[in-house]
Amino acid sequence: MLLKTAKRSATVAWCPVHGSKGLIATGTVANAIDDSFETTADLEIMQVDFAANTPRELPVKGGVKSNERFHRLAWGGLTNSSMPYGILAGGMVDGGIGFWNPPAMMKEGEGEGPGSRG
């Protein structure tokens, strides 16, 4: 039985930080074309919530455009005060590696992280 879904041609990484509220990152995968024939690349953060009354489609918490598509995506769990959710690393189609700070991408804004009050 399908619990949740996100219609993306994407590579996925789970946030390893305890207290991250079920966050995943999706990066547009290289060498794939979706139903709309888009050629753009996105890096998005979504929240996975398995509660009974939540929508099946995963909500996007934030995202950025990327100049290149992704071969791989990894989410590192080392944190500090400026990176409370760790860091995202992407292996890009051009052979480069890109790094992103997840809170800077999320709609709640920079500085909110595990254990923050809101």
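None of these values were measured; they are calculated from a predicted model.

## Points about the nonpolar core
Core analysis: the biggest nonpolar cluster contains 16 residues, and Leu23, Leu43, Ile45, Leu73, Trp75, Leu88 and Trp100 have the highest contact counts within it. When contributions to this core are tallied by element, the ones reaching two or more residues are strand S2 (23–28), strand S3 (41–47), strand S5 (70–76) and strand S6 (87–92). A per-element tally of this core places S5 first, with three residues. Discounting residues that sit within four places of it in the chain, Leu43 has contacts with Ala25, Thr26, Gly27, Gly62, Gly63, Val64, Phe70, Leu73, Leu88, Trp100 and Met105.

## Description of the environment of Met92
Topologically, Met92 is positioned in strand S6. A sequence separation of 63 residues divides Met92 from Val29, and the C-alpha atoms of the two residues are 9.2 Å apart.

## Quick word on unusual backbone geometry
One non-glycine residue with positive phi stands out, namely Lys21, at about 65 degrees. Inspection of the secondary structure puts Lys21 in the loop between strand S1 (10–14) and S2. A relative accessible area of 51% places Lys21 in the exposed class.

## A short note on the sheet that holds S3
As summarised here, the arrangement of the four strands in space is S1-S2-S3-S4, forming an open sheet in which the pairing is antiparallel. Bordering the open sheet on either side are S1 and strand S4 (60–66), each of which pairs with just one other strand. Along the sheet, successive strands turn relative to each other by an average axial angle of 20 degrees, direction set aside. Of the pairings in the sheet, the one linking S1 to S2 comprises five bridges and is antiparallel in character. Each residue of the ladder has a partner; that of Ala10, found in S2, is Thr28.

So, how was this worked out
Residues numbered from 1 in each chain as written. Predicted model: local features only at pLDDT ≥ 70, side-chain atom pairs only at ≥ 80, totals over all residues. Heavy atoms only, no water. Core = buried A, V, L, I, M, F, W, Y, C linked by side-chain atoms within 4.5 Å. Buried < 20%, exposed > 50% of the residue type's maximum accessible area, 1.4 Å probe, protein only. Helix = DSSP H or I, 4+ residues; strand = E, 2+ residues; numbered from the N terminus. Contact = heavy atoms within 4.5 Å. Pairing = 2+ DSSP bridges. Axes fitted to C-alpha atoms, helices over the stretch in contact; angles between N-to-C directions.

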